[in-house]
Amino acid sequence: MKPRILIIYTGGTIGMIEDADTKVLKPFDFTHLMENVPKVKMLDYEIDNIQFHPPIDSSDMSIGHWQQIASAIADNYLGYDGFVVLHGTDTMAYTASALSFMLDNLHKPVIITGSQLPIGEVRTDGEENLITALQIAAARDSHGEPMVQEVAILFEDYLWRGNRATKRSADNFNAFKSYNYPYLAKIGLGINFDADALLRSPKRPLTLRLEMDAAVMSIDLFPGITPEAIAYHLAAPGIKGAVIRTYGAGNAPTSPAIIGAIRDAVKRGIVIVNVTQCVHGCVNSNRYETGDLLCAAGVVSGHDITFEAAMTKMMFLFGLGFGPVAVKKYLQTSLRGEITI
Ligand code: ASP
């Protein structure tokens, strides 16, 4: 039996072409993509595709698009061995995180990839990324089960857990990295999976959880930030949750006015989760007084979660209809391998 793979093409640089007049990159039709990768046919897979109309730059990605991608996967789940999502790199880590939450009990590969150079260019990384993503989506373990049973990002030399990855470079072919979790596979002469890093969860039927609540926002701390600015953001109409991006091991200024603004918001029922500005490492709120004060104000630790996963996880939890108590509880729980507890 040939592997059956469904490609979902959303847009991004991988499918872009240069406008002859303006020289600006703009989305092109998917047929262009397949024409430019004749090697795909050598894989001898059965490949179908679904395409966004029109394809989008991933800066325009929205909850509605995530719902479209997740629904396409759920609707075709039984008919395919794996799924490859072609996506712009800019918001790829957000989409990967969102899909990981929306696709509950996923047991097939959802491999997201894109490229830094358009697939039509001579030095493109898109061709290799697409072919490797297809091979990973078709890969089986020694029991004949899908090797990857989660949402993952394939880019250049590595396969990363989607909700652990972050875009780290606007130029480099190795554009993604997971700083707090090992790679799922290293791509070299072969595709070398790290069996211990791959997610395995109890076998249950896939459940699609479409509702995402956008009533979240973020605050980035910097020396000089005013309590008024913090209070203003946390008083935004309808806001239910916020990620506060703190220093180092989860530290914030000790100013009573700043801590007071945060405490007041928590008292009003806003869930605030502490995520470090450092790319590597973990929030450890009790290490310094500066972190301890946040904890005492009712801010919950995000542990080693990425900013992208924290934002989408809150959207997901509020989307499920949970109130602050349940949201706080699940922020402390690994739902899809997104945090280390
Ligand atoms: N702006 C593009 C996008 O995210 C960049 C890329 O694809 O790499 O859609």
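As the structure is a prediction and not an experimental result, all values here were calculated from the model. (Residues numbered from 1 in each chain as written. Predicted model: local features only at pLDDT ≥ 70, side-chain atom pairs only at ≥ 80, totals over all residues. Heavy atoms only, no water.)

J.: Can you walk me through the state of the cysteines in this structure?
T.: What makes a disulfide is a covalent bond joining the sulfur atoms belonging to two cysteines. Applying the stated rule across the entire model yields zero disulfides. The thiol sulfur of C278 is not disulfide-bonded, and the nearest other cysteine sulfur, from C282, lies at 11 Å. (Disulfide = S-S within 2.5 Å.)

J.: What should I look at first to understand unusual backbone geometry in this one?
T.: Excluding glycine, residues mostly carry a negative phi; peptide bonds, for their part, are mostly trans. Of note, the bond from H53 into P54 is cis; its omega dihedral lies within 30 degrees of zero at -10°. Looking at the secondary structure, you find P54 in strand β4 (residues 46–56). At K23, a position not held by glycine, the phi torsion is positive, near 70°. Take K23: its relative accessible area is 53%, and that puts it in the exposed class. (Helix = DSSP H or I, 4+ residues; strand = E, 2+ residues; numbered from the N terminus. Buried < 20%, exposed > 50% of the residue type's maximum accessible area, 1.4 Å probe, protein only.)

J.: In this structure, what is going on with the pattern of salt bridges? I would like to understand it.
T.: Pairing between side chains of opposite charge can happen when the charged atoms of each approach one another. Applying the stated rule across the entire model yields 15 salt bridges. In this structure, the salt-bridge partner of R200 is D141, at a minimum N-O distance of 3.9 Å. Residue R200 is found in the loop between β13 (191–193) and β14 (207–208), and its partner D141 is found in the loop between α4 (126–138) and β8 (151–155); the two are separated by 59 residues along the sequence. Judged by relative accessible area, D141 falls into the buried class, the value being 17%. Across the pair R161 and E150 runs a salt bridge whose closest N-O atoms are separated by 2.6 Å. Within this pair, whereas R161 is found in strand β9 (residues 158–161), its partner E150 is found in the loop between α4 and β8, the two being separated by 11 residues in sequence. Per residue, the accessibility class of R161 equals that of E150, and both read buried. If you follow the salt bridges from partner to partner, you end up with R4, E46 and D48 in one network. (Salt bridge = Lys/Arg side-chain N within 4 Å of Asp/Glu carboxyl O.)

J.: What am I meant to see in the site of the ligand here?
T.: The local shell around the ligand consists of G12, T13, D57, S58, G88, T89, D90 and S115. In this structure, an oxygen atom belonging to the ligand sits 2.8 Å away from a main-chain N or O atom of T13. Contact distances for the ligand include 2.9 Å between a nitrogen atom and a side-chain N or O atom of D57. If the ligand stood free it would expose 260 Å²; the protein chains cover 90% of that surface. Grouping the amino acids of the shell around the ligand by side-chain chemistry returns no nonpolar, six polar and two charged. (Near = heavy atom within 4 Å. Polar contact = N/O pair within 3.5 Å; in protein donor to acceptor, adjacent residues only side chain to side chain. Areas by Shrake-Rupley, 256 points an atom, 1.4 Å probe, with all protein chains shown as cover. Nonpolar A, V, L, I, M, F, W, Y, C, P; charged D, E, K, R; others polar.)

J.: Explanation requested: the sheet that holds strand β12 (residues 185–187) in the structure shown.
T.: Strands belonging to one sheet form pairs held by backbone hydrogen bonds; the direction of such a pair is parallel or antiparallel. Read across the sheet, eight strands follow the order β4-β1-β5-β7-β8-β9-β12-β13 without closing on themselves; strand pairing throughout is mixed. Each of the sheet's edge strands pairs with one partner strand only, and the pair in question is β4 and β13. Going from strand to strand, the sheet's axes swing by 20° on average, the running direction of each strand aside. Two strands pair when backbone bridges link them, and β8 and β9 are joined in this way by four bridges, in the antiparallel orientation. Considered in β9, the bridge of F155 is made with Y158. Contacting β7 (110–113) and β8, helix α3 (residues 92–102) crosses the sheet at an angle of about 155° to β8. Here α4 sits on the sheet in contact with β1 (4–11), β4, β5 (82–86), β7, β8, β9, β12 and β13, set at roughly 155° to β5. (Pairing = 2+ DSSP bridges. Axes fitted to C-alpha atoms, helices over the stretch in contact; angles between N-to-C directions. Contact = heavy atoms within 4.5 Å.)

J.: Whenever I open this one, the packing of aromatic side chains confuses me. Can you help?
T.: Both the distance between ring centres and the angle between the ring planes are used here to describe each pair of aromatic rings. By the definition in use, this model includes eight aromatic pairs. Between the aromatic rings of Y94 and F307, the centroid separation amounts to 6.5 Å while the plane-to-plane angle is 90°, which identifies the pairing as edge-to-face. Taken together, the positions of Y94 in helix α3 and F307 in helix α8 (residues 307–319) put the pair 213 residues apart, joining distant regions of the chain. Aromatic ring contacts, followed pair by pair, group Y77, Y80 and F83 into a single cluster. (Phe/Tyr/Trp six-rings, centres within 6.5 Å; stacked < 30°, edge-to-face > 60°.)

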